[in-house]
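Examining the three-dimensional arrangement
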Amino acid sequence: MLKFLSKVRIEFNALDPRIASCMEFLAQCNARKAKESNPSCQVQVKRRTDNYPPKITVTFVNGVEETFDATSTPAQAIRNLILEKGSLLETEQMFREAGEQWPVIVPDEELRQPFTGIKPRKAEEKKQ
């Protein structure tokens, strides 16, 4: 998960009962496997003393920053979203390295072509 991120900032009040998501996400970030995937990713924890709601801010390697409300977003959902966006980043990088334009634009005439489908071989054999 951390391989797609350059920075993670987790803010919470330790006495707030809504910090479960922050603590779980912090544990995932501190896992050995996650740290090995990107040792240069900065993980910052800010312990607050006010009533500010817990939040998690991640910065992707391309500089895009996203903030999550940790009171209503489970850590697993945040992790899944990071992995989805990371997959898109990898795809974009592959296209750019290959000299292709990004995003890929599919011509309208190709989108309107009928799909004939693929018949499984077993279905064809049964007819004979």
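Looking up the protein chain in an unreviewed UniProt entry gives the name Large ribosomal subunit protein mL53, with the organism given as Abeliophyllum distichum. The UniProt entry for the protein chain carries this comment under Sequence similarities (unreviewed entry): "Belongs to the mitochondrion-specific ribosomal protein mL53 family." Turning to the protein chain, the UniProt annotation filed under Subcellular location (unreviewed entry) states: "Mitochondrion".

1. Some points on the sheet that holds strand β4 (residues 65–69)
The four strands are arranged β2-β1-β3-β4 in an open sheet whose pairing can be described as mixed. The two strands at the open ends of the sheet, each matched to only one other strand, are β2 (42–48) and β4. Strand-to-strand twist in this sheet, taken as the mean axis angle between neighbours without regard to direction, amounts to 15 degrees. Where strand β1 (residues 5–13) lies against β2, seven bridges are found, and the strand directions are parallel.

2. With respect to the layout of surface pockets
Approximately 160 Å³ is the volume attributed to the largest pocket. Lining the largest pocket are M1, Q28, A31, K33, A34, S37 and R79. Here the element with the most residues in the lining of the largest pocket is helix α2 (residues 32–37); it accounts for three residues.

3. Remarks on the nonpolar core
Ranked by size, the top nonpolar core spans 22 residues in total, and within it V8, F25 and V58 carry the most contacts. Listed by contribution, the elements that provide at least two residues to this core are β1, α1 (20–30), β3 (55–60) and α3 (75–97).

4. So, the environment of D16
By secondary structure assignment, the location of D16 is in the loop between β1 and α1. What makes D16 buried here is its relative accessible area of 9%. Sequence separation between D16 and D50 is 34 residues, and the spatial gap between their C-alpha atoms is 9.4 Å. The contact partners of D16, leaving out residues within four places of it in the chain, are Y52 and P54.

Thresholds applied
- Residues numbered from 1 in each chain as written.
- Predicted model: local features only at pLDDT ≥ 70, side-chain atom pairs only at ≥ 80, totals over all residues.
- Heavy atoms only, no water.
- UniProt positions renumbered as here; feature names shortened; annotations may be inferred.
- Pairing = 2+ DSSP bridges.
- Helix = DSSP H or I, 4+ residues; strand = E, 2+ residues; numbered from the N terminus.
- Axes fitted to C-alpha atoms, helices over the stretch in contact; angles between N-to-C directions.
- 1 Å grid on protein atoms, 1.4 Å probe; cavity = no way out; pocket = protein on both sides within 12 Å on 5 of 7 lines; lining within 4 Å.
- Points joined across faces, edges and corners; volume = space filled by probe spheres on them.
- Core = buried A, V, L, I, M, F, W, Y, C linked by side-chain atoms within 4.5 Å.
- Buried < 20%, exposed > 50% of the residue type's maximum accessible area, 1.4 Å probe, protein only.
- Contact = heavy atoms within 4.5 Å.

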